[in-house]
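Inside the fold
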2 protein chains.
Amino acid sequence: MYTNCDALKPELDLQFIRDVPLPPELIWAAWTTPEHIVHWFTPAPWRTTKCQIDLRIGGAFLTEMQGPEPEQHFSGVGCYLELIPNRRLVWTNALLPGFRPNPSFADSSCGDFPFTASIELEPIATGSRYTATVQHRDAAGRAQHAAMGFEEGWGKALQQLIDYMQSQA
Amino acid sequence: MYTNCDALKPELDLQFIRDVPLPPELIWAAWTTPEHIVHWFTPAPWRTTKCQIDLRIGGAFLTEMQGPEPEQHFSGVGCYLELIPNRRLVWTNALLPGFRPNPSFADSSCGDFPFTASIELEPIATGSRYTATVQHRDAAGRAQHAAMGFEEGWGKALQQLIDYMQSQA
């Protein structure tokens, strides 16, 4: 029996919870608008140089990121799995847009790892409770993501999101 | 740009189209009810010995299949991606229930392949136009599925579905 599939599995998942001084609507907009994404998505000194979003189930979520060195170029490609406006955004890089299994992970030595990520937003008196959860296929994927600085990276990006969206108000 | 992600890619996909003398509602019921699935899902002499369905996006689609020899035992596990009642059913084995990337495909030598399958139903005068499409991550996955007898297997299973549902009428 598969029960509690949606429950956090600490040995496989990473989670990041913060109270954010923005309403869910602005955080949702920041996550689903390419013009916003490029301003906050990648912790400085990395930059997001490109973003394409097709905001429907199975639609594309594409990003291109550039580090301080010219060779530090990275592309992310995934598709949306759940879209509940202002509440819950789920995407995965295990499937390409249109739901095709991503061939990048056919070989576990490719250096990258598949994940499914969700952003959950809950309105609170001061703004939003922000919960980011990343599910990995195995403990090695979780360990690799943690070693890349998940906690610090998502924290920095979230602060960039807050600063940027407040500057737009 | 990812455009036309939902278009058939003949080098990666397998497709099966038939006109079926059943209304979409009965075919949908056959595909989404464990008590029905066990009667038709696996081409004889294989049998489906168990089925579990959690009919929601991200919910489980589990099957256990038994061949004529005792060692021919196979389990299928996947999750639903799209559910448009009586029209469109999409699931993948690349993600476990709850959307976690499936660790079974971390190693391409595991002997199995990830896929995303859709069943599309369109009402026609004589019943339904039935379109089954299976997307693979690479040409090797498509070739392996084709060699397993995709066309014959899905054909036999569909005929079993028709016979069984007509016997229930």
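Structure first, text after, so check above.
As the structure is a prediction and not an experimental result, all values here were calculated from the model.

Residue and element names in this part refer to chain A. Spatial ordering of the open sheet is given by 1-7-6-5-4-3-2, a layout of seven strands whose pairing is antiparallel. Two strands in the sheet have a free side with no partner beyond their single neighbour: strand 1 (13-20) and strand 2 (47-53). Ignoring strand direction, the axes of neighbouring strands in this sheet form an average angle of 20°. Sheet analysis places strand 2 next to strand 3 (residues 60-66), joined by six bridges and oriented antiparallel. Residue pairing in the sheet places isoleucine 53 in a bridge with phenylalanine 61 of strand 3. Across the sheet, helix 1 (residues 24-32) lies against strand 1, strand 2, strand 3, strand 4 (73-84), strand 5 (88-92), strand 6 (115-124) and strand 7 (127-136), angled at about 155° from strand 6, the strand it touches most.

Turning our attention to the interface of chain A and chain B. Often, the extent of an interface is quoted as the loss of accessible area upon association of its parts. Taken together, the contacts link 37 residues of chain A with 37 residues of chain B. For the pair chain A and chain B, the summed buried surface comes to about 2,900 Å²; carbon and sulfur atoms form 57% of the total. For the pair chain A and chain B, the number of links is two salt bridges. Its salt-bridge partner being Arg100(B), residue Asp13(A) comes within 2.7 Å of it at the nearest N-O pair. The tally of links between chain A and chain B comes to 10 residue pairs in polar contact (both at pLDDT 80 or more). Looking at the side of chain A that touches chain B, the elements that each hand over two or more residues are strand 3, strand 4, strand 5, strand 6 and strand 7 of chain A. Per-element accounting of the side of chain A that touches chain B gives the leading share, three residues, to strand 4 of chain A. Its residues placed into classes, the side of chain A that touches chain B shows 21 nonpolar, eight polar and eight charged.

All right, on to the pattern of salt bridges then. Evaluation of the coordinates by the stated rule reveals 14 salt bridges over all chains. A salt bridge links Arg56(B) to Asp54(B); the shortest N-O distance between them is 2.9 Å. Via salt bridges that share partners, Glu82(A), Arg88(A) and Glu120(A) belong to a single interconnected network.

Next up on the list: the pairing of strand 7 of chain A. Residue and element names in this part refer to chain A. With nine of 10 residues buried, strand 7 is to be regarded as a mostly interior element. Where strand 6 and strand 7 come together, 10 bridges link them in antiparallel fashion. Each bridged residue has a counterpart across the sheet, and for isoleucine 124 the counterpart in strand 7 is glycine 127. Counting the residues in the hairpin turn of strand 6 and strand 7 gives two residues.

Here we come to the pairing of strand 5 of chain A. All names here are of chain A. The buried fraction of strand 5 amounts to four of the five residues, a majority that puts the element mostly inside the structure. Relative to strand 5, strand 4 runs antiparallel, the two sharing five bridges. Pairing of leucine 83 across the sheet is with leucine 89, part of strand 5. Count of turn residues in the strand 4/strand 5 antiparallel hairpin: three residues, of which asparagine 86 carries a positive phi of about 70°. Sheet analysis places strand 5 next to strand 6, joined by five bridges and oriented antiparallel. Looking across to strand 6, one finds that arginine 88 is bridged to glutamate 120.

Criteria and cut-off values
- Residues numbered from 1 in each chain as written.
- Chains lettered and ligands numbered in written order.
- Predicted model: local features only at pLDDT ≥ 70, side-chain atom pairs only at ≥ 80, totals over all residues.
- Heavy atoms only, no water.
- Pairing = 2+ DSSP bridges.
- Helix = DSSP H or I, 4+ residues; strand = E, 2+ residues; numbered from the N terminus.
- Axes fitted to C-alpha atoms, helices over the stretch in contact; angles between N-to-C directions.
- Contact = heavy atoms within 4.5 Å.
- Buried area = accessible area lost by both parts, 1.4 Å probe.
- Salt bridge = Lys/Arg side-chain N within 4 Å of Asp/Glu carboxyl O.
- Polar contact = N/O pair within 3.5 Å; in protein donor to acceptor, adjacent residues only side chain to side chain.
- Nonpolar A, V, L, I, M, F, W, Y, C, P; charged D, E, K, R; others polar.
- Buried < 20%, exposed > 50% of the residue type's maximum accessible area, 1.4 Å probe, protein only.

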